[in-house]
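Descriptive analysis of the structure
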Amino acid sequence: MKAKLFDYVERHNAIYNLSGVTKLLCFLLLTAAVMFSYDIRAIVVIMVLSLVFLAMSQIQFRQIKLMLLYVLLFLVLNFILTFVFSPSYGTQIYGTEHVLFRIFGRYVVTSEQMLYQVTKTLKYASVVPLGIIFFLSTNPSELASSINRAGVSYKAAFAFSLTLRYFPDLIRDYQDISAAQQCRGLDLSKKEKLGKRLKNILNITIPLIFSTLERIETISNTMDLRGFGKEKKRTWYAAKPLKRNDVFAISLALLLFLGTIALSVFVNHGKFWNPFV
Amino acid sequence: MKKMFKVSTKTIVATGLGAALFALLFMYVKVPTGIPETSIQTAYGLGAFFAVLFGPIAGGLIAFIGHAISDALQYGSIWWSWVVASGISMFLVGLVYTKIRADEGEFGWKDVLRFNIYQIIANVIAWIVIAPVLDIVIYSEPANLVFTQGAVACLWNAIASGVIGTLLLFAYAKIRPKKGSLSKEEE
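Since we're looking at a predicted model, the values are computed, not measured. (Residues numbered from 1 in each chain as written. Chains lettered and ligands numbered in written order. Predicted model: local features only at pLDDT ≥ 70, side-chain atom pairs only at ≥ 80, totals over all residues.)

Description of the overall build of chain A
How we decide: Strands are runs of DSSP state E lasting at least 2 residues, helices are runs of H or I lasting at least 4, and numbering of each runs from the N terminus. We compute the radius of gyration from the C-alpha atoms alone; for a globule the expected value is 2.2 Å times N to the 0.38, where N is the number of residues. Exposed residues have 12 or fewer other C-beta atoms within 10 Å of their own C-beta, buried residues have 20 or more, and partly exposed residues fall in between, where C-beta atoms are placed from the backbone. The contact criterion used here is simple: two residues whose C-beta atoms, placed from the backbone, lie within 7 Å are in contact.
Looking only at helices and strands, chain A has 9 helices and 2 strands in total. Along its sequence from the N terminus, chain A presents helices and strands in the succession α-α-α-α-β-β-α-α-α-α-α. Here the C-alpha atoms of chain A give a radius of gyration of 24 Å, more than 25% beyond the 19 Å that 2.2 N^0.38 yields for 277 residues. Considering only C-alpha atoms, chain A reaches an extent of 65 × 60 × 35 Å along its principal axes. Counting all 277 residues of chain A, 35% fall into the buried class. Here the contacts in chain A between residues at least 6 apart in sequence split such that 75% fall between residues at least 24 apart.

Brief notes about unusual backbone geometry
Residues and elements named next belong to chain A. Phi is positive for Q58, which is not a glycine, with a value near 60°. Note on placement: Q58 falls in the loop between α2 (40-57) and α3 (61-85). Owing to 14 C-beta atoms within 10 Å, Q58 belongs among the partly exposed residues under this scheme.

Things to note about the packing of helix α1 (residues 20-36) of chain A against helix α9 (residues 244-268) of chain A
Residue and element names in this part refer to chain A. Stated formally: To obtain an axis, a line is fitted to C-alpha atoms, over the contacting stretch when the element is a helix, and the angle between two such axes runs from 0 to 180 degrees between their N-to-C directions. In what follows, roughly perpendicular refers to angles from 65 to 115 degrees, roughly parallel to angles under 35, roughly antiparallel to angles over 145, and oblique to any angle outside these ranges.
In the contact formed by α1 and α9, the axes pass within 9 Å of each other and the chain directions differ by 10°. Between α1 and α9, the angle falls in the class roughly parallel. Between α1 and α9, the contacting residues are T22, L25, C26, L29, L30, A32, A33 and F36 on the first element and D246, A249, I250, A253, L254, L256, F257, T260, I261 and S264 on the second.

What to know about the interface of chain B and chain A
Quick reminder of the rule: Residue polarity is assigned by list, with Asp, Glu, Lys and Arg as charged and Ala, Val, Leu, Ile, Met, Phe, Trp, Tyr, Cys and Pro as nonpolar; anything else, Gly included, falls into the polar class.
The interface of chain B with chain A comprises 39 residues on the first partner and 51 residues on the second. Of all the elements in the fold, those that place two or more residues in the side of chain B that touches chain A are α1 (9-28), α2 (42-54), α3 (56-75) and α6 (143-175) of chain B. The element best represented in the side of chain B that touches chain A is α1(B), accounting for 15 residues. Here the side of chain B that touches chain A is built from residues that sort into 28 nonpolar, 9 polar and 2 charged.

Some words on the confidence of the model for chain A
What counts is decided by this rule: The predictor attaches a confidence to each residue, called pLDDT, with possible values from 0 through 100.
When pLDDT is averaged along chain A, the result is 85; 97% of the residues meet or exceed 70. Here residues 1-5 of chain A is modelled with pLDDT under 50, and outside its nearest four sequence neighbours on either side it reaches 12 contacts, counting other chains as well.

Some points on the pairing of strand β1 (residues 99-104) of chain A
Residue and element names in this part refer to chain A. Note the cut-off: For two strands to count as paired, DSSP must find a minimum of two bridges between them.
Within β1, only 0 of the 6 residues are buried, which leaves it mostly out in the open. Taken together, the 4 bridges between β1 and strand β2 (residues 107-110) define a ladder with antiparallel strand orientation. Bridge pairing links V99 to T110 in β2. The antiparallel pairing of β1 with β2 creates a hairpin that spans 2 residues between the two strands, and G105 there sits at a positive phi of about 50°.

Side note on the domain arrangement of chain A
Quoted interface sizes are often the accessible area lost when the parts come together. Formally: The domain boundaries here were taken from an automatic or database domain assignment.
Segmenting chain A into domains produces domain 1 (16-139 + 239-277) and domain 2 (152-237). If you average the C-alpha positions of domain 1 of chain A and of domain 2 of chain A, the two centres end up 34 Å apart.

Remarks on the confidence of the model for chain B
A residue-level look at chain B finds 96% of positions with pLDDT of 70 or above and a mean pLDDT of 88. On the interface metric, ipTM, the complex scores 0.85, and its pTM is 0.84.

Concerning the packing of α3(A) against helix α5 (residues 111-137) of chain A
Residues and elements named next belong to chain A. Stated formally: For a crossing to be left-handed, the near helix must be turned anticlockwise from the far one by less than a right angle; the clockwise case is right-handed.
Contact pair α3 / α5: the axes reach a minimum separation of 11 Å and the direction vectors enclose 160°. As judged from the angle between their axes, α3 and α5 are roughly antiparallel. As α3 packs across α5, the resulting crossing turns out to be right-handed. Across the interface between the two elements, Q63, I64, V71, L75, F79, T82 and F83 from α3 touch Q117, T121, Y124, A125, V128, I132 and L136 from α5. In terms of residue class, the contact of α3 with α5 is made up of 10 nonpolar, 4 polar and no charged.

What follows is the structure, encoded as C-alpha cells:
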C-alpha cells in the first residue's frame, strides 16, 4: 500500500522542464478535445502523440505498472457492460446496420456498435498517458502555483497544495492506527460479517479523523498567525517562469484542441464521425 | 453566527486535509457489498461529516479534489462527470451547515433527521440526475447503463453518508464542550 502518485523524481528532459502551468493547460486542452470528439481519427492522433510524449518524459514502466492494470480492467469491464446493456446503441447513433454475426436474441454484433465501442475505449485510454505525464512529471509544490496562475483563486490552490502535502502523512497515520488495532484483534478481512466489519473499519477511521481535526486546528492557527489570506494575491516559491518550449507546447495543444473541434463542426457536422453513409 | 459561504483560513485547511483524507478512504477503506465493482465508500461518510462541520464550500471541494486525486492515482485520468457529481453531492449536504450545531455539543435525534433528509436529497440529485446526465453529455454513454449505475451509486453513497456521517457527528458532539456549560463562579 504505497501512494504512487506524485512519486516525483527530479529529471531533466523536455517534458520535465516544462512549467507546471504548461502541463496543466495542455492536459486540460487535450483531455477536453478527446472528451468532446467521437471521431476515432482525431482520438488516434492525440493518443499517438501522448504516447510519444510519455516516451519523451522517460517515466519508467514500473512506476505506472499497477495503474495501467487498473485502467485495463476498467476498460474491459466498461466494454462488456456497454454491450450487455445496449448492444444496438451504435446502430441508433449511426443510423445504419451492418451485421457481423449474431450471438442470440437482441445481441447482434454490428460494425456500428464495434466502431462506437472501440472509439469509446480509445477515448478513455488516450488520456491516460497525458494524466500520467502530468501527475508524475510535475513537482507537487509547483502544482499549486500553476493552478493559481491558471486562474483559480490562490486560496483554493493552497487547499490543493495542503492536500498533496498531508496525503503521505495521513497514509502513514492510517497504517499505524490500522496495525495497532489489528494487534488488538480487530479483524478486517472477509472472515468477519459485514456489520461487524463496518464497525471495525469505524474503529480505525474514527481515531484517524479526529486526529486530523486536531491537526486542522493547529495548522489553521499557525497560518492565521503568519497572516495567511490578508492580501488579494500572493507569490509562490516554486513558480517557474514560462520559456520558449512552454509557448510551443501550449500552442500545439491549442492547435490540436481547435483542430478537433473544427473537424467535428465543419467535417462531421456533429460529435460522431460516420463512415457508414 | 455561522455564515454559509464564508471562507476562513480554517475552511481552507479543513478542505486541504479533508480532501487528503477523502482520497485515502476512497482508495483503501471501502466495504465490498458482494456485487462486483460496487462497494460502500466510507469516504462519503467522511465527506458528509466535514461538510456539516465546515460548510458547503469545504464539503464540495473536499469531495471534488479528493475524488479527482484518487481517480488520477488509480486510473491515471479523471472521470470528470462523477468527480463533479461527488463535489455537488457534498456541496448540497453542506447546506445544512448553519442548522446543525454539533461543534457546540448539540446533536439530537432532530438533527439526525435533518442531516439525513439533506443527505438523501443531495445524493439523489447528484447520482440520479447529475452524474448520468453528464455521462451522456460528455462521454455519450448509453442512457440505461448510466442510470442503472447512478441508481446503485446513489443507494450505497446515501447509506455511507447516512450511517457513517451520523455516527461521526454523534461522536464529535460528545467530545465538544456544550455551549453555556461553564458558569461564572459566585464571589
